[in-house]
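Observations on chain architecture
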Amino acid sequence: MNQTKLEEYIELYGKDIYSFCRYLTRNVEDADDLYQQTFLVAIQKDDIDEGNNPKSYLITIASNIWNNHKRKFLWRQKKADVVYLQSEDMEAIGDGKDAIIDEVLKEEERQMVQRLVYELPEKLRIVILMHYMEEMSVEEISKALSIPPGTVKSRIYNAKAKLAERMEA
């Protein structure tokens with residue numbers, strides 16, 4: 001892959017890939033690393049098929065790297081506990097009182113949904129993030145994760161059911 005192609009992919013898909021990395025990792029430092037590793041692997045493989053969805057391919061790479069990282073982390077955790085400190089991002093809030101209240105309520109709701117998504121099992125969380133955040137189709141997710149489309153649909157259904165159940169509680 002030449003530099004021009006790389007710059008084009010970063011320009012077109014970089015923001016979406018980084019956002020996906022942030023949702024997977026839940027912190028800036030790990031997201032930065034995952035984002036960089038994703039494009040490094042894409043450069044090394046140099047087999048992005050422009051006829052298919054390059055964004056889907058890059059998300060698949062990010063997902064695979066993250067799964068490998070989690071596997072290694074779990075193995076290392078058996079040897080010694082690792083504690084990560086996370087920092088919360090602060091967002092600007094509107095000027096008026098009503099706007100502030102609306103923004104606070106929206107932010108609390110967003111954080112609650114995000115927390116509930118993070119509490120889902122890894123298999124369900126990745127499918128939900130790919131489907132709703134990255135707007136990937138069932139077929140694209142199926143190809144990306146090498147699982148049947150029916151399994152993707154089942155995981156989306158189960159994740160939505162768990163989220164609805166937890167939101168009611």
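Summarised in this report is the structure supplied together with it. (Residues numbered from 1 in each chain as written. Predicted model: local features only at pLDDT ≥ 70, side-chain atom pairs only at ≥ 80, totals over all residues. Heavy atoms only, no water.)

Notes on the overall build of the chain
Filter applied, for reference: For the purposes of this entry, the term helix denotes a DSSP run of H or I that reaches at least four residues, the term strand denotes a run of E that reaches at least two, and both are numbered from the N terminus. Contacts are assigned to residue pairs that have any heavy atoms within 4.5 Å of one another.
For the chain, the helix and strand inventory stands at 7 helices and 0 strands. Contacts in the chain between residues at least 24 apart in sequence constitute 61% of all its contacts with a sequence separation of at least 6.

Some thoughts on the packing of aromatic side chains
Using the following cut-off: For this analysis, a ring pair means two rings from Phe, Tyr or Trp (six-membered ring only for Trp) whose centres lie within 6.5 Å, classed as stacked if their planes differ by under 30 degrees, edge-to-face if by over 60, and tilted for the remaining angles. Relative accessible area decides the class of each residue, using a 1.4 Å probe on protein chains only: under 20% of the type maximum gives buried, over 50% gives exposed, and in between gives partly exposed.
Going through the model one piece at a time under the given rule, you end up with 3 aromatic pairs. The interplanar angle of 25° and the centroid separation of 6.2 Å between the aromatic rings of Tyr9 and Tyr13 together place this pair among those described as stacked. With Tyr9 and Tyr13 both in helix H1 (residues 3-25) and 4 residues apart, the pair spans about one turn of that helix. For the pair Tyr9 and Tyr13, a shared accessibility class is recorded, and that class is buried.

Focus on unusual backbone geometry
Residue Asp46 is not a glycine yet carries a positive backbone phi of 50°. Its identity is not glycine, yet Ser146 carries a phi of approximately 55°, on the positive side. Inspection of the secondary structure puts Ser146 in the loop between helix H6 (138-145) and helix H7 (149-168). Residue classification places Ser146 among the exposed residues on the basis of a relative accessible area of 66%.

Overview of the environment of Val113
Relative to the elements of secondary structure, Val113 occurs in helix H4 (residues 97-119). Look at Val113 and you get partly exposed, because its relative accessible area is 32%. Along the backbone, Val113 and Arg166 are 53 residues apart, and their C-alpha atoms lie at a distance of 9.5 Å.

Side note on H6
Structurally, the α-helix is built with 3.6 residues per turn, so residues lying three or four positions apart point the same way. As a reminder, the rule being used: What the arc describes is the spread of directions from the helix axis to the C-beta atoms.
Of all the residues in H6, the buried ones are Val138, Ile141, Ser142 and Ala144. Viewed along the axis of H6, the buried residues span an arc of 165°, placing them on a single side of the element. Immediately downstream of H6, the backbone of Ser146 shows phi near 55°, a positive value.

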